[in-house]
Amino acid sequence: MGKWAKVKLAFKRVSKSIERGYRRLTAYKPSAFLMAFVGVAVAVMLFGGVLYDITSRPAVALPRPGAIWVAYPLTLLEQFLIESIEAMIFFALGFAGILLIYDSTKYADDPYRAAVRFVIGVVLLLGAFFACRYLLTLKMKPAGL
């Protein structure tokens, strides 16, 4: 077998393996739950400011005697990394609250179970809302300055 025949055979094998991999990849159907979870996770990260964190590499926190500042009044357009993480956690808690409120509608035949899920969802949603508002308030008017 000549040199060119070996090269053609190698390319043929590679192209068949690429074609087989492409067929497997296009036939894969992830579950709707997985796609929804990934979509929500991406949205929470974007709302929390992950692009800002990647591009501008903010400081983690600003130490001061006796405490650490997690919100500092540079401007509303700048943030610490810890602020971003806190915002992502609060947005995720708010989404979990919305999901629990929605899930409570499935239990119309068991009012106690529906009420418990509804109340927990409302508490999570309101807690996340007021926690985000508190972060903004700390940023605009920090205590101790």
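Just so it is clear, the structure is predicted and the values come from calculations on it, not from any experiment.

S.K.: Let's hear about unusual backbone geometry: which residues, and what values?
M.R.: Despite not being glycine, Arg 57 has its phi angle at roughly 45 degrees, a positive value. Along the polypeptide, Arg 57 turns up in the loop between helix 3 (50-56) and strand 1 (62-64).

S.K.: Hey, could you go over the environment of Tyr 102 for me, with residue numbers and the actual values?
M.R.: Relative to the helices and strands, Tyr 102 resides in helix 4 (residues 81-104). In the structure, Tyr 102 is positioned 12 residues away from Ala 114 in sequence and 9.8 Å away in space, judged by C-alpha atoms.

S.K.: Residue-level account of a positive patch on the surface, with values.
M.R.: On the surface, Lys 12, Lys 16, Arg 20 and Arg 24 cluster together into a positively charged patch. Mapping Arg 24 onto the fold places it in helix 1 (residues 3-27). Classification of Arg 24 as exposed rests on a relative accessible area of 63%.

S.K.: Could you give an account of helix 5 (residues 111-140), with specific residues and numbers?
M.R.: Helical geometry: 3.6 residues make up each α-helical turn, so side chains three or four residues apart lie on a common side. Across its 30 residues, helix 5 extends 43 Å between first and last C-alpha, which sits within 8% of the 44 Å expected from 1.5 Å per residue. Residues of helix 5 that are buried: Ala 114, Gly 121, Ala 128, Ala 131, Cys 132, Leu 135 and Lys 139. Here the buried face of helix 5 lies against helix 4.

S.K.: Break down the pattern of salt bridges for me, citing the residues and quoting the values.
M.R.: Going through the model one piece at a time under the given rule, you end up with three salt bridges. For Glu 19, the salt bridge goes to Arg 23, with nearest N and O atoms at 2.7 Å. Linking Glu 19 with Arg 23, this pair stays in helix 1, spanning four residues, or about one helical turn. One salt bridge connects Lys 106 with Asp 103, and the closest N-O pair in it is separated by 3.6 Å.

S.K.: Account for the packing of aromatic side chains, naming residues and giving values.
M.R.: All chains considered together, the criterion is met by three aromatic pairs. Look at Phe 47 and Phe 91: their rings are 6.3 Å apart centre to centre, the planes differ by 80 degrees, and that puts the pair in the edge-to-face class. Note that Phe 47 is positioned in helix 2 (residues 32-48) and Phe 91 in helix 4, a separation of 44 residues in sequence. The exposure class assigned to Phe 47 is exposed, which follows from its relative accessible area of 63%. With a centroid separation of 5.2 Å and an interplanar angle of 70 degrees, the aromatic rings of Phe 129 and Phe 130 are classed as edge-to-face.

S.K.: Could you give an account of a nonpolar patch on the surface, naming the residues involved and the relevant values?
M.R.: Taken together, the side chains of Tyr 28, Phe 33, Leu 34, Phe 37, Val 38, Val 42, Leu 46, Leu 51 and Ile 54 make up a nonpolar region of the molecular surface, amounting to roughly 970 Å² of accessible area. Mapped onto the nonpolar patch, the elements with two or more residues apiece are helix 2 and helix 3. Counting residues per element, the nonpolar patch draws most heavily on helix 2, at six residues. Along the chain, the position of Tyr 28 falls in the loop between helix 1 and helix 2.

Conventions adopted
- Residues numbered from 1 in each chain as written.
- Predicted model: local features only at pLDDT ≥ 70, side-chain atom pairs only at ≥ 80, totals over all residues.
- Heavy atoms only, no water.
- Helix = DSSP H or I, 4+ residues; strand = E, 2+ residues; numbered from the N terminus.
- Patch = residues over 30% accessible without salt bridge, like charges linked within 9 Å, V, L, I, M, F, W, Y side chains within 5 Å.
- Areas by Shrake-Rupley, 256 points an atom, 1.4 Å probe, with all protein chains shown as cover.
- Salt bridge = Lys/Arg side-chain N within 4 Å of Asp/Glu carboxyl O.
- Lys, Arg positive; Asp, Glu negative; His and termini not counted.
- Charge placed at Lys NZ, Arg CZ, Asp CG, Glu CD.
- Buried < 20%, exposed > 50% of the residue type's maximum accessible area, 1.4 Å probe, protein only.
- Expected span 1.5 Å × (residues − 1).
- Contact = heavy atoms within 4.5 Å.
- Phe/Tyr/Trp six-rings, centres within 6.5 Å; stacked < 30°, edge-to-face > 60°.

Bear in mind that shape data such as this cannot, by itself, settle questions of function.
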